[in-house]
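# Report on the structure
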Amino acid sequence: MRNTYIFNAPSEDFSGINAALPLGNGYMGMQVEDNIVYERLALNESTLWSGGPYDNDLNGAYASLKELRESAFKDRQRDFDWESKFVSQWGGQIMLPAGDFMAYFANSRETSNYKKQLDLRCGILTTTFEKQGERVEKRYFANYPSRVICIRYQSDRKAMNFACEIASKSSGSLTVEGDTLLFHGAANGARGVDGAIRYTIAARLRTDGELWDNGKRIFIKNAGTTEIYLSIVTNFVSDGDLSAPHETLARALADKAYARGYEALENEHVSDFSALYDRVSLRLGKETGDVPVKELQRRFAEEDDCGWVELYFNFTRYLILSSTRNGAQPPSLQGKWNDKLSPPWDCKYTVNINLQMNYWSLAPLGLSELYNSLLEKMKAVAKKGKKTARETYGIERGDSWVLHHNTDLWNVCAPIDGCWGLTPVCGAWLMNELFTAYEYTGNEDFLRELYPLFRGCAQFFCEFLVPFGEYLVTCPSTSPERMNGALGYVTYGSAHDNQIVREMFEHYLVCEKLVRADAALEKETEEKLKKLPPPAAVSKCGLVREFYFHDFDYLEDTHRHLAHLYGVYPGNSVFRQHDGELDAAVKKTLDCRSKAGDWTGWGIVWRIALYARLGDGAAVAAMLKTFLDRRNGLMLENGFGALPYENGSAFQYDCNGAFPAALLETLVRSEEGRVTLLPALPDFLRDGELKGVCLRGAFHLEKLTFSDGKVTRCDIYSEKGGALDISANGRLYHLDAEADRTYTVIGSSI
């Protein structure tokens, strides 16, 4: 299996952070930029954001709602009025960098036998090289259980000389106390909100060389081994409590790590990390030895070699485990890796697709327990969203809450930026994403924990929906970042809204039937579900209408968003219709939107998943080549997803977080009561082996092998028992499974 991410040359002088390799433990992120003479370790902490506790509601905005709704139903363009009366600010608060741990090395940069490799299975980065007869090894990992970053520099000649310091773009002060660097920082304010986050970076060193300081830097001379134990802690407890003793906690974490020692911490880290990583494995093509990343990329681009696809699948799984851990904040737009004070889109949470994509892969990868990081976020969001429901829409019923298209550490919920921010279904989409964990695991305790959030969400939409003809529709309504022809951004009844609200109501009803706490709401929801518009309609040019009641769709549209195909993937309200005309419209829409144009890394990964749902292996192949061929500008040197129109200066983590899910969709399509094997296999992925993938209904694909595009073996484990249909090689197999039993479906008779 390809589990090693290798580079055979140091970072070039001007490649900078785009070539830096990432590590993280959920709480902290680090990017290692190494060019031999110096190295920069760019540091982040998941609660280090600008601003402080605030809300962004326009109090009393609901007073304008009735008049603007009436205008919308008459198809009058009123974007400016919606924006001026409902949108409070431009931008939100910003996820900020903590600082940089800098190490400056003596002697020449002339090296030989250079190798930098990320062991994806163990979560350890190692750099080795020889310099003037000296062999140097540098080793890094981010330990989750102990909340510490560990670094070890080794020289076989006890000849390592370097200086180190902590530098930061934030306000603060650096002190040195013996073998410890301490940076005391204060986060900036932004958008009229004063900075309230305070934090401490503590880095404690152990060396067998000489150690001294000049008050700003620590110097190491003639060292054979130097170990660094680094922690970052902020004063953040919750969006209303900033009382954590950050300096005391940061010192304690670093001191405890120092006392335990490097080997103990590495063993603890590997045990924790590999236990999650090893739940799934994928082999594509023939087994080969370790091959550097750039060579695999060349082979993929020039020879359709599948080694790069396999390695990238594993690299993105590594990133998920490095950024998505319980107890920490969810990964934001750049995951846990931002080195800029003013990052693209503030490095905040965009929730009209991007945060959701960060979680698409968890359930199929058998990591459903990691949804708790999102669950805790949504609990905090719902508390803030109650005021937003009241002030924006005049809804005070029960625990009604709403979230629009952005939020941040402070969990604000009102629209921002412009009229396109009036997307009131984003919280419902996130709830649907959380429900996925239940679909895969059948964990009723988790469903009970979701229930209050679903109930509040259902209460909101039962009040928010308004009559239009025979239907109940959303108004205001948008289709994320997409105009409705001459009517502008804000209108009523977008397909995106219809699909998301429909599926949210269905998921709420599943919760309600388990909990049995609100019979009146259950009945009301069932009645209103029947009055929603159909999930999709076909336009006069044969496309899926972006807005259900309007027909402004056109064949030349290459917009990056595919919001009106939500019900194909990640949802299923459109996919399950199996209507010939609609199926053809979905395919045509996807083909039009997949032409060269408004490309983004996340947009192409979404298209991979959508084409896989349609069973179109040829189109999947084309999208994989578009994304994974670096010549198309959708990927940085280190593997992060890029945005080509930002000239390589911006990346978004979402395409990394969603890539395993998208690729698995081509190998295994899991539906309730049914699984389809190899539904959309690209022609260059003909042979392989997949183990450990989870399926809906608490089934597990223990082993799938395939050769020349045909399944040769399929073993399925049933955790809870139940019926499952398996489609493979043009045949349908039926399984009536007992709990806690494995069945060989293909390879022997059931």
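In this report, we go over the structure that sits alongside the text. (Residues numbered from 1 in each chain as written. Predicted model: local features only at pLDDT ≥ 70, side-chain atom pairs only at ≥ 80, totals over all residues. Heavy atoms only, no water.)

### Some remarks on the side chain of D179
Rules: Secondary structure elements follow DSSP: runs of H or I no shorter than four residues count as helices, runs of E no shorter than two count as strands, and numbering proceeds from the N terminus. Here the term buried applies to any residue with accessible area under 20% of the maximum for its type, exposed to any over 50%, and partly exposed to those in between, with areas from a 1.4 Å probe on protein chains only. For the purposes of these results, a polar contact is taken to be a pair of N or O atoms within 3.5 Å, where, inside protein, one atom must be able to donate a hydrogen and its partner to accept one; residues adjacent in sequence count only when each atom of the pair is a side-chain atom. Residue contacts are defined here by distance: any two heavy atoms, one from each residue, within 4.5 Å place the two residues in contact.
Along the chain, D179 falls in the loop between strand 11 (171-177) and strand 12 (180-186). Judged by its relative accessible area of 19%, D179 is buried. Only 3.0 Å separates the side chain of D179 from the side chain of T180, close enough to count as a polar contact. If we ignore the near neighbours within four places in the chain, the residues touching D179 are A203, R204, L205, L211, I218 and Y258.

### A few points about the side chain of H559
Residue placement: H559 occurs in the loop between helix 12 (519-530) and helix 13 (580-593). Assessed through its relative accessible area of 12%, H559 is described here as buried. For H559, the side chain forms a polar contact with the main-chain oxygen of E481, separated by 2.9 Å.

### Overview of helix 4 (residues 262-277)
For an α-helix, the turn length of 3.6 residues means that residues three or four places apart are oriented alike. Just so we agree on the cut-off: A helix's residues, less one, multiplied by 1.5 Å, set its expected span.
With 16 residues, helix 4 should reach 22 Å at 1.5 Å per residue; the first-to-last C-alpha distance of 22 Å fits that figure. Of all the positions in helix 4, only Y262, L265, E266, H269, V270, D272, F273, S274, L276 and Y277 are classed as buried. Packing partners of the buried residues in helix 4 comprise strand 7 (124-131), strand 8 (134-143), strand 9 (148-155), strand 16 (225-234), helix 3 (246-260) and helix 6 (307-323).

### Re the packing of helix 8 (residues 372-393) against helix 9 (residues 426-441)
Using the following cut-off: Geometry is summarised by axes, namely lines fitted to C-alpha atoms with helices restricted to the contacting stretch, and by angles between N-to-C directions that run from 0 to 180 degrees. Helix crossings fall into two classes, left-handed where the near helix is turned counterclockwise from the far one by less than a right angle and right-handed where it is turned clockwise. For this classification, Asp, Glu, Lys and Arg are treated as charged, while Ala, Val, Leu, Ile, Met, Phe, Trp, Tyr, Cys and Pro are nonpolar and the rest, including Gly, are polar.
Running from N to C, helix 8 and helix 9 point in directions that differ by 150 degrees, and their axes come no closer than 10 Å. Crossing geometry of helix 8 relative to helix 9 is assigned as left-handed. Residues L374, L375 and M378 of helix 8 form the contact with helix 9, whose participating residues are G427, L430 and L434. Tallied by class, residues from the contact of helix 8 with helix 9 come to five nonpolar, one polar and no charged.

### Some words on the pairing of strand 13 (residues 198-207)
Let me state the cut-off plainly: Strands are labelled as partners when DSSP assigns at least two bridges between them.
With seven of its 10 residues buried, strand 13 lies for the most part within the structure. Relative to strand 13, strand 12 runs antiparallel, the two sharing seven bridges. Looking at strand 13, one finds that H184 is bridged to T200. Looking at chain direction, strand 13 and strand 16 are connected through nine bridges and run antiparallel. Looking at the pairing, T200 lines up with V233 of strand 16.

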